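Spelled out, the chains give:
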Amino acid sequence: MSAEIKEYLEKGAVVLDVRTVEEWNEGHSEGAKHIVLQTIPNNVDEIKAWNKPVIAVCRSGARSGQATQFLQNHGVDVINGGPWGNVDVLL
């Protein structure tokens, strides 16, 4: 998993944190974008406009898995980074 995350970071991937506002405020990766999971469908165009690969993260990997699935179905190059700490240690 971390090899894939590293590879995506080297490609200039955007870290997309899909946790709640409360969770985000408790701590997040520097430079990450925050879009709450439930609002992803309304923000697909914004995410596509980044024109970069995406690493979705959350607290455990479940919500980022849902976001990954949805975004892949909409043509976004995205992987599930799992818990945000997985990515944070590599930044």
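No experiment lies behind these values; they were computed from the predicted model shown. (Residues numbered from 1 in each chain as written. Predicted model: local features only at pLDDT ≥ 70, side-chain atom pairs only at ≥ 80, totals over all residues. Heavy atoms only, no water.)

## Comments concerning the overall build of the protein
So the rule is basically this: For helices the rule is a DSSP run of H or I covering at least 4 residues; for strands it is a run of E covering at least 2, with both sets numbered from the N terminus onward. Throughout, radius of gyration means the C-alpha value; the globule benchmark is 2.2 Å times the number of residues raised to the power 0.38.
Secondary structure assignment for the protein yields five helices and four strands. When the helices and strands of the protein are read in sequence order from the N terminus, they spell out α-β-α-β-α-β-α-β-α. Computed over C-alpha atoms, the radius of gyration of the protein comes to 12 Å, within 12% of the 12 Å expected from 2.2 N^0.38 for 91 residues, which places it in the range of a compact globule. Overall, the C-alpha framework of the protein stretches about 30 × 30 × 20 Å when taken along its three principal axes.

## Looking at the sheet that holds strand β2 (residues 33–34)
Just so we agree on the cut-off: Here, strands pair whenever DSSP counts at least two bridges between them. We call two residues contacting when some pair of their heavy atoms lies within 4.5 Å. Angles shown run from 0 to 180 degrees and are taken between the N-to-C directions of axes, each axis being a line fitted to C-alpha atoms and, for helices, limited to the stretch in contact.
Spatial strand order, β2-β1-β3-β4: four strands in an open sheet with parallel pairing. One side of each edge strand has no neighbouring strand; the edge strands of this open sheet are β2 and β4 (78–83). In this sheet, β4 lies alongside strand β3 (residues 54–58) in parallel orientation, the contact comprising five bridges. Paired with I55 across the bridge in β4 is I79. Its contacts with the sheet put helix α1 (residues 2–10) on β1 (14–17), β3 and β4, and the angle it makes with β4 is roughly 125°.

## Looking at the pattern of salt bridges
A side chain of one charge can pair with a side chain of the opposite charge when the charged atoms of the two come close. Applicable threshold: Whenever a carboxyl oxygen of Asp or Glu lies within 4 Å of a side-chain nitrogen of Lys or Arg, that contact is scored as a salt bridge. Using a 1.4 Å probe on the protein chains alone, a residue whose accessible area is under 20% of its type maximum counts as buried, one over 50% counts as exposed, and one in between counts as partly exposed.
One pass over the structure, following the stated rule, counts four salt bridges. Of the charged contacts in the structure, one is a salt bridge between R19 and D17, with a shortest N-O distance of 2.9 Å. For the pair shown, R19 and D17 are each scored as buried. Linked through salt bridges whose partners overlap, the residues forming this network are E23, R59 and R63.

## A look at the nonpolar core
Quick note on the threshold: Among buried residues, the Ala, Val, Leu, Ile, Met, Phe, Trp, Tyr and Cys ones that are joined through side-chain atoms within 4.5 Å form a nonpolar core.
Residues L16, V18, I40, I47, W50, V54 and L71 are the most contacted members of the largest nonpolar core, which totals 16 residues. Looking at this core, the elements with two or more residues in it are β1, α3 (44–49), β3 and α4 (62–73). At three residues, the largest contribution of residues to this core is made by β3. Sequence-distant contacts of L16, defined by excluding residues within four places in its chain, comprise K33, I35, I40, I47, W50, V54, I55, A56, V57 and L71.

## Brief notes about the side chain of R19
Our working rule: Side-chain atoms alone can form a polar contact between residues adjacent in sequence; in general such a contact is a pair of N or O atoms within 3.5 Å, and within protein one must be able to donate a hydrogen while the other accepts it.
Here R19 shows up in the loop between β1 and α2 (21–26). A polar side-chain atom of R19 sits 3.3 Å from the main-chain carbonyl oxygen of E23. Within the structure, the side chain of R19 is placed 2.6 Å from the backbone oxygen of G27, a separation counted as a polar contact.

## Comments concerning the packing of aromatic side chains
Note the cut-off: Within 6.5 Å between ring centres, the rings of Phe, Tyr and Trp (the latter by its six-membered ring) count as paired, and their orientation is classed by plane angle as stacked under 30 degrees, edge-to-face over 60, tilted in between. Any Lys NZ or Arg CZ found within 6 Å of a ring centre and within 35 degrees of that ring's normal is scored as a charge over the ring.
The final tally for this structure, using the stated rule, is zero aromatic pairs. Its guanidinium or amino end placed over the ring of Y8, K11 lies 4.1 Å from that ring's centre, counting from NZ or CZ.

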